[in-house]
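A structural walkthrough
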Amino acid sequence: MKKKKWSQTGREHFLAWCFVAPATLAFVVFMFWPLVYTLYLSFLKWNMVAINKVMVGLKNYEAVFNDPVTKKLLGNTLLYIVILVLLIFVLPYILAFVNTFVMGKGKGIYKTLLFIPSLISLVVGAIVLQWIFNPLSGPVGAVLGRFGIAMPSWSKTKGLVVLVISLVAVLKSFGYNFLVLLSGMSGVSTELIEAARLEKTPNRKIFGKIVMPLTSSTAIYVLIMSIVQGMQYVFTPIKVLTQGGPDFASSNIIYGVYQEAFGYYNTGKASALSIITMLVFLVLLFLEFKYVEKGVYYEN
Amino acid sequence: MKKLKQLMALLLAIMMLAGCGGGKSNDTGDDTSKPVEITFWHVYSENFGAPVIKEMVDAFNASQDEIVVIEVYNPDMYPGLMQNLQAEVVSGNSPSIVMIGYNYLKYFAANFIYVTPDEIIEKYVPEDKDYLSTTFLDNILTLAQVDGEQVGVPFSISTPIIYYNADMFIAAGLDPENPPVTWEEVRAAAKTITEKTGEYGFYMQEYADNWAVQGLLEGNGATILSEDGKQAAFASPEAAEAYQLLADMVLEDKSALHITADEGIQAFINGKVGMLCGTSAKIGTIQSAAQFDLRGAEFPVFAGKERRVPAGGNFLPIMAASEEEQKAAWEFMKFIMQPEWLAKWSENTGYLPPRQDVAEDPDGLKAYIEENQLLGIAFSEMDGIYSWVAFPGDVGTQAEQIFANTRDKILDRSMSVEDALKEAEDALNSLLAE
């Protein structure tokens, strides 16, 4: 019976299409169609309710490129990415190494403790951090005050506001990334490490020369996710805490698109900005595949 | 066996496809004996206002059997409701009554189809000819007018007031019985508090809008828009002088705080700021959390000048299309505008009612105001209320944001008051000219 089935390739194909259809349909309806529609909207001047959609050609793209705010948004986005890559990729990578190969006792406790903050929702995390960092009535301000340091009001200080908002995203992503990297480390054979130890190789070298190359496939996944999630996860705290202020100093591209579309009802400009964002990320992804992917080690 | 499997796979696929369509078999039977159904969209959640809204709706539904009102909650306040409304209107089913924030007044009027209360009265209920003019004060009615046309009926009103910490006043040697009246006195009091106690003296709420700033600037004789209402006109010497006072408090005296609204209110509640200039809609929140002798004072004035207080809150336009629904919506509107319901609404939320007689009505707020000094303060400002400026055209919300950003530029010293106002005015006018 089984043999007969394999020979009937036509039916097989049909069945395969049946199985693939639901997922494809979902993708087309919820991913590709909106993408095409966004492209269409980016050539219009329309506020989502007006009956007339005015075709304006490339005007929206021009407006995006000529707007000084766009530069700010791009700069902030880059700053967010740098901070987040450091805090939710590099730091957990090192800690995962320490937890797996250096620590002797209490590994389990640390794993749990470091993961717990991921369970907090972003809105709650944002409000808790706002309370903690309140320069006048928060605990951080009080401790700094003891040392005679006046805490600046971060929500109105350029640069600092980006750092504090990033911390909310860190709260959310750190634990998850840590666990993923930890599971990557568990794939490294302990014999290699022990052999290196016998040679009195310092931990720094073990990490750099053995563990990093062997876990590069996990690491590259976490790196990309950090960048993508970092972009999205900072949206919530921006919306809750500063609404992009002071003077766009905490806004990133995603929040900028949201504000154009649902704050100002400039559907066209918002779509143009999001198409440009998508292109930027396509280029990044291309570069990643072309250069980074080659150096990655996949076990199988 | 094989056939059965294939059949099942196919069925599954078909079922999944079918799941996406369908569900459109809602029959609206035109049975005359059936009550008219109308929907009422509002923005109040369970912990802020919704219980009273539900109580109103239930009481109205129980009071007669011709109309059924269905209340619909929209999260994320006015912008959230606006987004949902955009989507509903595009798909062709507008709600019957909606709740619109005053800052969306012009945008709503320019982009949506609605029926004015005057049209409804003229067409169906001529006996209500004088209802609006006898029920509401003129300056309250204008809050919901565009070019003289009454777009909807005002429902909730909030005004900016001064909250102050009487304990800190005493610690600084100030008299808590005589809070500052003018802006100059506010500045002096804030300076004293900072010098004597080491804490901040003053904070004016900094949401992403210009509501409180408008009160400050207009109080000094400035206007936000030009006379024809088509252009921004806030780069005047009067506006600069008023804004300069706030800037000096923050930058020179270091007695006023420059921080986001939530943090500023937290700091005030924790006794770290002497005076808070903020919306009366926060009375409930602040009262329940503050551990000190909390009192209120009226929004400050400039010596010798009139008090100008911008109104926050919302109004209710009617979007119902058919005659029955419009009549029903009007009935419901009159029902909730009764003093006892408005009083209940105010007690629960801290909003002011649109009718002044609610304050004197024994069924209304009389007793409550006598006990609650802060709400009394907000009430006494009612006759000085003016519209919260809604920038004209489609770019209204963007204009509001640009104007709000000038505050950050001024208060972090990156621009002088005159330059910042001029730059914002130019940016707005070129935006409005498009």
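Parameters at a glance
Residues numbered from 1 in each chain as written. Chains lettered and ligands numbered in written order. Predicted model: local features only at pLDDT ≥ 70, side-chain atom pairs only at ≥ 80, totals over all residues. Helix = DSSP H or I, 4+ residues; strand = E, 2+ residues; numbered from the N terminus. Buried ≥ 20, exposed ≤ 12 C-beta atoms within 10 Å, placed from the backbone. Contact = placed C-beta atoms within 7 Å. Pairing = 2+ DSSP bridges. Axes fitted to C-alpha atoms, helices over the stretch in contact; angles between N-to-C directions. Parallel < 35°, antiparallel > 145°, perpendicular 65-115°, else oblique. Left-handed = near helix turned anticlockwise from the far one by under 90°. Nonpolar A, V, L, I, M, F, W, Y, C, P; charged D, E, K, R; others polar. pLDDT = per-residue confidence, 0-100. Domains from an automatic or database assignment.

The next thing to look at is the overall build of chain B. What chain B contains, in helices and strands, is 20 helices and 13 strands. Its C-alpha atoms give chain B principal-axis dimensions of about 85 × 60 × 45 Å. Of all 434 residues assigned to chain B, the portion counted as buried reaches 47%. Taking contacts inside chain B between residues at least 6 apart in sequence as the whole, the part at least 24 apart equals 73%.

With 9 of its 11 residues buried, helix 13 (residues 253–263) of chain A lies for the most part within the structure. Residues of helix 13 of chain A that are buried include every one of Ile253(A), Ile254(A), Tyr255(A), Gly256(A), Val257(A), Gln259(A), Glu260(A), Ala261(A) and Gly263(A), and no others. In this structure, the buried residues of helix 13 of chain A make contact with helix 4 (68–102), helix 11 (216–233), helix 12 (235–242) and helix 14 (267–292) of chain A together with helix 19 (396–411) of chain B. Where helix 13 of chain A ends, the next residue or the one after it, Tyr265(A), has phi of about 60°, a positive value.

Quick look at the sheet that holds strand 6 (residues 153–158) of chain B now. All names here are of chain B. Spatial strand order, 3-12-6: 3 strands in an open sheet with antiparallel pairing. If you trace the sheet from one side to the other, it starts and ends with strand 3 (100–101) and strand 6, each paired once. The pairing of strand 6 with strand 12 (residues 312–316) spans 5 bridges and is antiparallel. Across the sheet, residue Ile157 finds its bridge partner in strand 12, namely Gly313.

Residue and element names in this part refer to chain A. Relative to each other, helix 2 (residues 9–41) and helix 14 sit at 120°, their axes nearing to 8 Å. Our classification of the angle between helix 2 and helix 14 gives oblique. Note on packing geometry: the crossing formed by helix 2 with helix 14 is left-handed. Two secondary-structure elements touch here, helix 2 through Thr38, Leu39 and Leu41 and helix 14 through Thr267, Gly268, Ser271, Ser274 and Ile275.

This part covers the packing of helix 8 (residues 160–185) of chain A against helix 11 of chain A. Residue and element names in this part refer to chain A. Their axes nearest at 10 Å, the elements helix 8 and helix 11 cross at an angle of 170°. It follows that helix 8 is roughly antiparallel to helix 11 by the angle criterion. Of helix 11, the residues touching helix 8 (which contributes Ala169, Lys172, Ser173, Asn177, Val180, Leu181 and Gly184) are Thr218, Ala219, Val222, Ser226, Gln229, Gly230 and Tyr233. Broken down by class, the residue content of the contact of helix 8 with helix 11 amounts to 6 nonpolar, 7 polar and 1 charged.

Glancing now at the environment of Phe115(A). Residues and elements named next belong to chain A. Its place among the elements puts Phe115 in helix 5 (residues 107–115). Phe115 sits in the partly exposed class, given 15 other C-beta atoms within 10 Å. It is 29 Å that separates the C-alpha atoms of Phe115 and Gln243, two residues lying 128 residues apart in sequence. Other than its neighbours up to four places away in sequence, Phe115 contacts Gly175, Phe178 and Leu179.

All names here are of chain B. Spatially, 4 strands are ordered 8-9-7-10 in an open sheet, and the strand pairing comes out mixed. Looking at the sheet topology across the chains shown, the edges are occupied by strand 8 (200–204) and strand 10 (294–297). Neighbour-to-neighbour, the strand axes of the sheet open up by a mean angle of 20°, direction not taken into account. Its contacts with the sheet put helix 18 (residues 373–380) on strand 7 (160–165) and strand 10, and the angle it makes with strand 10 is roughly 10°.

Right, let's get into the confidence of the model for chain B. Residues and elements named next belong to chain B. Averaged over every residue, the pLDDT of chain B is 88; the share at 70 or more is 92%. When pLDDT is averaged over each helix and strand of chain B, the minimum, 52, is found for helix 1 (residues 2–20) and the maximum, 97, for helix 9 (residues 183–197). Note that pLDDT drops below 50 for residues 16–31; the model gives that stretch 1 contact with residues more than four away or on any other chain. Under the prediction, the complex receives an ipTM of 0.83, its pTM being 0.83.

Before going further, it helps to examine the domain arrangement of chain B. By a widespread convention, an interface's size corresponds to the accessible area lost as its parts come together. Residue and element names in this part refer to chain B. Domain boundaries in chain B define domain 1 (36–157 + 312–385) and domain 2 (160–310 + 391–433). For domain 1 versus domain 2, the separation of C-alpha centres amounts to 29 Å. Secondary structure elements with two or more residues in the side of domain 1 that touches domain 2: helix 4 (105–111) and helix 18. Looking at the side of domain 1 that touches domain 2 residue by residue, the classes come out as 9 nonpolar, 7 polar and 2 charged.

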